[in-house]
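Here's the letter readout for the chains.
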Amino acid sequence: MTQSTGFQRSLFVYQAVRVVSADLFTRPSHSMAPATSRGTDNTRGYTMPKLKTHRGAAKRFGLTGTGKVKRGKAFASHILTKKTRKRKRNLRRAATLNKRDETGIKRLIPYL
C-alpha cells in the first residue's frame, strides 16, 4: 500500500472544493425561479412582495363600505361616573377618521 503525502491530500481537497464551487454557479438560483403563484408579473418572471398589515392598526381601525376609515372614540374606558348617560352612549358609536390621517392608516392596513 502506498501512503498519501500531504501534497496529495491537499490536492484532493482542492479538487473537491473546486467541484462544489463550480456546481454552485451552474445550478439555477431560487430567487430567479419563475413565479407560479398569484400576484405574478409574467412578463418579468417574479412575484411582487406582499405587504404586511400593521396588527395594532388592524385592531383599532376598520373600513366602511364607501372606503372611509372607522375608529373608536376615546375617553370611554374609565372615570365614567361623572360622564352623563348620553355622553357615554355617544362614545360607544364609531367615528370616521379625518381625511389627513386616512392615507397613513390605509398604508398600514392594505388588505382590510
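Just above, that's the structure.
Okay, so let's go over this structure. Each residue is numbered by its place in its chain's sequence as written, counting from 1. Given that the model is predicted, a residue must reach a pLDDT of at least 70 before its local features are reported, and side-chain atom pairs must reach 80 or more before they are shown or counted; all residues, however, enter totals for whole chains, interfaces and linings. Side-chain figures throughout are based on the complete set of non-hydrogen atoms in the structure, without hydrogens or water.

Moving on, we get to the overall build of the protein. Helix and strand content of the protein: four helices and five strands. Strands here are runs of E lasting at least two residues and helices are runs of H or I lasting at least four, both read from the DSSP assignment and numbered beginning at the N terminus. For the protein, the α and β elements follow one another from N to C terminus as α-β-β-α-β-β-α-β-α. When a residue's accessible area, from a 1.4 Å probe over protein chains only, is under 20% of the maximum for its type it is buried; when over 50% it is exposed; and in between it is partly exposed. Counting across all 112 residues of the protein, residues that qualify as buried make up 11%. Residue exposure ignores everything except the shown protein chains as possible cover, and the areas themselves are Shrake-Rupley values with a 1.4 Å probe. Carbon together with sulfur atoms contributes 57% to the accessible area of the protein, which is approximately 10500 Å² in total.

Looking now at the environment of Phe61. Mapped onto the secondary structure, Phe61 falls in strand β3 (residues 61–63). The sequence separation of Phe61 and Lys106 amounts to 45 residues, and the corresponding C-alpha distance is 9.4 Å.

This part covers the side chain of Lys83. Among the secondary structure elements, Lys83 is positioned in the loop between β4 (69–71) and α3 (85–92). Nearest to the buried, unbridged Lys83 among oppositely charged side chains is Asp101, at 21 Å. Contacts between residues were defined by any pair of non-hydrogen atoms, one from each residue, lying within 4.5 Å. Ignoring any residue separated from it by four or fewer positions in sequence, one finds Lys83 in contact with Phe75, His78 and Lys88. The convention is simple: Lys and Arg are positive, Asp and Glu are negative, and His and the chain ends are not counted. Counted as salt bridges are all cases of a side-chain nitrogen of Lys or Arg within 4 Å of a carboxyl oxygen of Asp or Glu.

To continue, consider the sheet that holds strand β5 (residues 95–96). Two strands qualify as a pair provided that DSSP identifies no fewer than 2 bridges between them. In spatial order, the strands read β3-β4-β5; together these three strands make up an open sheet with antiparallel pairing. The sheet is open, and its two edges are formed by β3 and β5, each paired on a single side. Note that β4 and β5 share two bridges and pair antiparallel. If you follow Arg71 over to β5, its bridge partner there is Ala95.

So, on to a positive patch on the surface. Only residues whose relative accessible area exceeds 30% and that form no salt bridge enter a patch; like-charged residues are grouped when within 9 Å of one another, and nonpolar side chains (Val, Leu, Ile, Met, Phe, Trp, Tyr) when within 5 Å. Throughout, a charge is located at the NZ atom of Lys, the CZ atom of Arg, the CG atom of Asp or the CD atom of Glu. A cluster of like positive charges, contributed by Arg71, Lys73, Arg85, Lys86, Arg89, Arg92 and Arg93, occupies part of the molecular surface. Among the elements that take part in the positive patch, α3 stands out by supplying four residues, more than any other. Along the chain, the position of Lys86 falls in helix α3.

Further remarks concern unusual backbone geometry. Comment: phi is negative for the bulk of residues other than glycine, and the bulk of peptide bonds are trans. One non-glycine residue with positive phi stands out, namely Phe75, at about 70°. Residue placement: Phe75 occurs in the loop between β4 and α3. Although it is not a glycine, Ile79 adopts a positive phi angle of roughly 55°. Along the polypeptide, Ile79 turns up in the loop between β4 and α3.

In this section: the nonpolar core. Residues Ala57, Ala58, Phe61, Val69, Leu97, Ile105 and Ile109 constitute the largest nonpolar core, which totals seven residues. When sequence neighbours within four positions are dropped, the list of residues in contact with Val69 reads Phe61, Gly62, Leu63, Ala95, Thr96, Leu97, Glu102, Ile105 and Lys106. We call a set of buried Ala, Val, Leu, Ile, Met, Phe, Trp, Tyr and Cys residues a nonpolar core when their side-chain atoms join them within 4.5 Å.

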